[in-house]
Amino acid sequence: METSIRVEDKKSFIQWFLGNYQLKKRESVWILNYLLNHEQLLEHVHFVLEARFCPRAMIISTHCSKEIAFRFYKKHIVTTDADKSFHDIRLHAKEPIYIQLNFKHSKQSIPYMKVLEDNPFIPDDYFLTKSDKKMAEEWLEYSLYEYKKEVLLQNINEALDQKNQQLFEHYSDQLKKLEASYIIKK
């Protein structure tokens, strides 16, 4: 994944973060300091939201957060063992790692927003609520209804132009059924 976030900016952020927040797990501090001191690793670090969707990710929380202290994801394996994640980072230094930091007011934190990247692994519909999905479904249903209605009205007009009583009655009946079925669904 290409990133527009410079290593210097990531270093400045980690220094700021470690200086302003106390982490729930001391091993998290060690990991962040390790990344801070290894620029080659830091090139492959991406700060994201919803890291659990990423193939290789870490979630780190501060004491002011209600979230779990630490979690490491690698493909389908999840662990709270920070030592295992530290060894994985060292052994696979050139693989991207996605880090989510949970701390109070993180979404209002300008330093965090400066290094935060889009998470390419979040499912497309992840941020859609049930209400959004229902509204989209209703809109689609209404659009289909309006399209079918328009086609039937055109067919009715053509039947009238052709003075074809049988087609006129056929399309008129279909229109009545369509309108009745749409009203019932509502």
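Residues numbered from 1 in each chain as written. Predicted model: local features only at pLDDT ≥ 70, side-chain atom pairs only at ≥ 80, totals over all residues. Heavy atoms only, no water.

## Comments concerning the sheet that holds strand β1 (residues 45-47)
1) Next: The sheet built from five strands is open, its strands ordered β1-β5-β2-β3-β4 with mixed pairing. In the strand order of this sheet, the two ends are held by β1 and β4 (77-79), each with one partner. Sheet twist, expressed as the mean angle between neighbouring strand axes with direction ignored, is 20°.
2) Next: Pairing analysis gives five bridges linking strand β2 (residues 56-61) to strand β3 (residues 70-74), with the strands arranged antiparallel. Paired with Ile-60 across the bridge in β3 is Phe-70.
3) Next: This element, helix α1 (residues 7-20), spans β1 and β5 (97-102) of the sheet and lies at about 60° to β1. (Pairing = 2+ DSSP bridges. Helix = DSSP H or I, 4+ residues; strand = E, 2+ residues; numbered from the N terminus. Axes fitted to C-alpha atoms, helices over the stretch in contact; angles between N-to-C directions. Contact = heavy atoms within 4.5 Å.)

## Side note on the side chain of Arg-56
1) Next: Its place among the elements puts Arg-56 in strand β2.
2) Next: Classification of Arg-56 as buried rests on a relative accessible area of 4%.
3) Next: A polar side-chain atom of Arg-56 sits 3.4 Å from the main-chain carbonyl oxygen of His-92.
4) Next: In contact with Arg-56, not counting residues within four places along its chain, are Phe-72, Tyr-73, Lys-74, Asp-88, Ile-89, His-92, Glu-95, Pro-96, Ile-97 and Tyr-98. (Buried < 20%, exposed > 50% of the residue type's maximum accessible area, 1.4 Å probe, protein only. Polar contact = N/O pair within 3.5 Å; in protein donor to acceptor, adjacent residues only side chain to side chain.)

## Some points on the pattern of salt bridges
1) Next: Applying the stated criterion across every chain, the model contains seven salt bridges.
2) Next: Among the salt bridges present, the one from Glu-39 reaches Lys-11, with a minimum N-O distance of 3.1 Å. Taken together, the positions of Glu-39 in helix α3 (residues 39-42) and Lys-11 in helix α1 put the pair 28 residues apart, joining distant regions of the chain.
3) Next: Under the relative-accessibility criterion, Glu-39 is labelled partly exposed at 39%.
4) Next: Put simply, Arg-56, Lys-74, Asp-88 and Glu-95 are held in one network by salt bridges that share partners. (Salt bridge = Lys/Arg side-chain N within 4 Å of Asp/Glu carboxyl O.)

## Points about the pairing of β3
1) Next: Of all five residues that make up β3, four are buried, and the element is covered over most of its length.
2) Next: Of the strand pairs in this sheet, β3 and β4 are connected by three bridges, and their pairing is antiparallel. Within β4, the residue paired with Phe-72 across the bridge is Thr-79.
3) Next: Linking β3 back to β4 in an antiparallel pair, the connection comprises two residues, with Lys-75 at a positive phi of about 55°.

## Some thoughts on the packing of α1 against helix α2 (residues 26-36)
1) Next: Here α1 crosses α2 at 150°, and the two axes come no closer than 10 Å. By the criterion of interaxial angle, the relationship of α1 to α2 is roughly antiparallel. Considering the relative orientation of α1 and α2, their crossing is left-handed. Across from Lys-11, Ile-14, Gln-15, Phe-17 and Leu-18 in α1, the residues of α2 making contact are Val-29, Leu-32, Asn-33 and Leu-36.
2) Next: Residue composition of the contact of α1 with α2, grouped by class: six nonpolar, two polar and one charged. (Parallel < 35°, antiparallel > 145°, perpendicular 65-115°, else oblique. Left-handed = near helix turned anticlockwise from the far one by under 90°. Nonpolar A, V, L, I, M, F, W, Y, C, P; charged D, E, K, R; others polar.)

## Topic: α1
1) Next: An ideal rise of 1.5 Å per residue puts 20 Å on 14 residues; α1 measures up with 20 Å between its terminal C-alpha atoms.
2) Next: Taken as a whole, α1 has its buried residues at Val-7, Lys-10, Phe-13, Ile-14 and Phe-17. Here the buried residues of α1 occupy an arc of 120° about the axis, which is enough to place them on one side.
3) Next: Summarising the contacts, the buried residues of α1 are in contact with α2, α3, β1, β5 and α5 (110-115). (Expected span 1.5 Å × (residues − 1). Arc of directions from axis to C-beta.)

## Description of the environment of Ile-60
1) Next: By secondary structure assignment, the location of Ile-60 is in strand β2.
2) Next: Sequence spacing of Ile-60 and Lys-25 is 35 residues, and the spatial spacing of their C-alpha atoms is 8.2 Å.
3) Next: Excluding its chain neighbours within four sequence positions, the residues that come into contact with Ile-60 are Leu-23, Ser-28, Leu-32, Ala-69, Phe-70, Ile-99, Gln-100, Leu-101 and Asn-102.

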